[in-house]
Amino acid sequence: MATMAIGDIHGEADLLDRILEHIEPELTDRDTVVFLGDTIDRGPDSKACVDRILRFRIECRARVVALLGNHEEWMLRTLADPARHSWLIGMEAFETIASYSTAAAEEIRRAAESAGALLVTGRIELPSGGFIDAIPPAHRAFFESLVPYHRTADALCLQRQRKRPAQGARRGARQCRDDLKLLPRVVHQTQRLGLAQRQRPGLVEHHGIDLGQTFERGAVLDQEALAEELARGRR
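In this numbering scheme, every chain counts its residues from 1 along its sequence in written order. Local features in a predicted model are, by the rule used here, given only for residues with pLDDT of at least 70; side-chain atom pairs are given and counted only at 80 or more, and totals for whole chains, interfaces and linings are based on all residues. Values shown for side chains rest on all heavy atoms present in the structure; no hydrogens or waters enter the calculation.

A.B. asks: Quick one: what's the story with the overall build of the chain, residue by residue and with numbers?
C.D. replies: Numbering goes from the N terminus for both helices and strands, where a helix is a DSSP run of H or I of at least four residues and a strand is a run of E of at least two. The helix and strand tally for the chain stands at 11 helices and 9 strands. Here the chain holds 235 residues, and the buried ones make up 50% of them. Sequence-distant contacts, at least 24 apart, represent 74% of the contacts inside the chain between residues at least 6 apart. Three labels apply to residues, based on accessible area from a 1.4 Å probe with only protein chains included: buried if under 20% of the type maximum, exposed if over 50%, partly exposed otherwise in between. In this analysis, two residues are considered to be in contact whenever any of their non-hydrogen atoms come within 4.5 Å of each other.

Structure representation (structure tokens):
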């Protein structure tokens, strides 16, 4: 039984394919693969990354779980409120939009440039209908099903705690802290480094994705380190 954690994909579909092709042959039905969030933005093909995860979930023998990253959280806020633009302004979101519809990306970009500072100071709705219509129902369901953390028998997988946790993270914070008391190791997503981490008793193997690069590194925090992260998030 093993836990594999993969983080910070950020629209890099080719590199995601390479990692999944590497790990899939040795996965069993007793293993768990956890995507730690931030599947979208920055890279050129967020749509293909989601397609690949959905296909991987169907085809592989292991259990597959996907977590809510701050990029997905901010995108969902924008989809729910067309006058809220933090995702568009702060998350390099045009690459994601263009991966679903280049026409929608250009339409939104022109409207955003025309609105200027009113995007921040006012409540200006951008023409997001083309983008929303281009998102397949299976992708919308995937984004809305993302969870704040996941516990396996030997690990607790979660995003790095932020100063303002996601709503799902706030709802699960108490259970998460309870789980920390029971588990010897915690896998969390670093801010800049994506990772795929395979954990078995006595064996930890790492691979990673971050803006088109691969690394032989990972991040494992003990309970005290994560408790400090959670405390900073509550301030």
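Okay, back to it.
A.B. asks: An account of empty space enclosed by the protein is requested, with residue identities and associated values reported.
C.D. replies: Detection works on a 1 Å grid of protein atoms alone, calling trapped sets that fit a 1.4 Å probe cavities and calling open sets with protein on both sides within 12 Å along at least five of seven lines pockets, with lining residues defined by an atom within 4 Å of a point. Grid points are joined across faces, edges and corners, and a volume is the space filled by probe spheres set on the points. Taken as a whole and assessed by the stated rule, the structure comprises 1 cavity of 30 Å³ or more. Here the largest cavity is characterised by a volume of approximately 100 Å³. Every residue lining the largest cavity is listed: Thr78, Leu79, Pro82, His85, Trp87, Leu88, Ile97, Ile108, Leu126, Ser128 and Phe131. Ten residue types, Ala, Val, Leu, Ile, Met, Phe, Trp, Tyr, Cys and Pro, are classed as nonpolar, four, Asp, Glu, Lys and Arg, as charged, and the remainder, Gly among them, as polar. Considered class by class, the residues forming the lining of the largest cavity number 8 nonpolar, 3 polar and no charged.

A.B. asks: How would you summarise the pattern of salt bridges if you had to cite specific residues and measurements?
C.D. replies: Definition used for salt bridges: Asp or Glu carboxyl oxygen within 4 Å of a side-chain nitrogen of Lys or Arg. Scanning all chains against the criterion turns up 7 salt bridges. Between Asp17 and Arg52 there is a salt bridge, with the nearest N and O atoms lying 2.5 Å from each other. Linking Asp17 in helix α1 (residues 13–23) with Arg52 in helix α2 (residues 46–59), this pair joins segments that are 35 residues apart in sequence. Asp17 sits in the partly exposed class, given a relative accessible area of 24%. Residue Glu144 pairs with Arg140 through a salt bridge whose shortest N-O separation is 2.9 Å. With a gap of 4 residues between them, Glu144 and Arg140 both fall in helix α9 (residues 137–144), about one helical turn apart. Among the residues examined, Glu144 registers a relative accessible area of 52% and is labelled exposed.

A.B. asks: Can you break down the nonpolar core residue by residue, with the values?
C.D. replies: In these notes, a set of buried Ala, Val, Leu, Ile, Met, Phe, Trp, Tyr and Cys residues joined through side-chain atoms within 4.5 Å is what counts as a nonpolar core. Counting 43 residues, the largest nonpolar core has Ile6, Phe35, Phe56, Ile97 and Phe131 as the members making the most contacts within it. Counting 6 residues, the second largest nonpolar core, distinct from the first, contains Val34, Leu36, Val65 and Leu67.

A.B. asks: Report on the packing of helix α3 (residues 70–80) against α9, specifying residues and quantitative values.
C.D. replies: Viewed as axis vectors pointing N to C, α3 and α9 meet at an angle of 120°, and their least axial separation amounts to 10 Å. Considering only the axes of α3 and α9, their crossing is left-handed. On α9, the residues that touch Glu72, Met75, Leu76 and Leu79 of α3 are Arg140, Phe143 and Glu144. Of the residues that constitute the contact of α3 with α9, the class distribution is 4 nonpolar, no polar and 3 charged. Lines fitted to C-alpha atoms define the axes, with helix axes restricted to the stretch in contact, and inter-axis angles between N-to-C directions lie between 0 and 180 degrees. Note on convention: the crossing is left-handed when the near helix lies turned anticlockwise from the far helix by less than a right angle, right-handed when the turn is clockwise.

A.B. asks: Kindly report on the confidence of the model for the chain, identifying the contributing residues and their values.
C.D. replies: Within the chain, residue pLDDT values average 76, and 68% of them lie at 70 or more. How sure the predictor is of each residue is captured by pLDDT, a score from 0 to 100. No element of the chain has a lower mean pLDDT than strand β9 (residues 220–221), which averages 36, and none a higher one than α9, which averages 98. Confidence drops under a pLDDT of 50 for residues 161–174, and excluding neighbours within four residues, the segment shows 18 contacts in the predicted structure. The model gives residues 210–227 a pLDDT under 50, and that stretch makes 53 contacts with residues more than four places away or in other chains.

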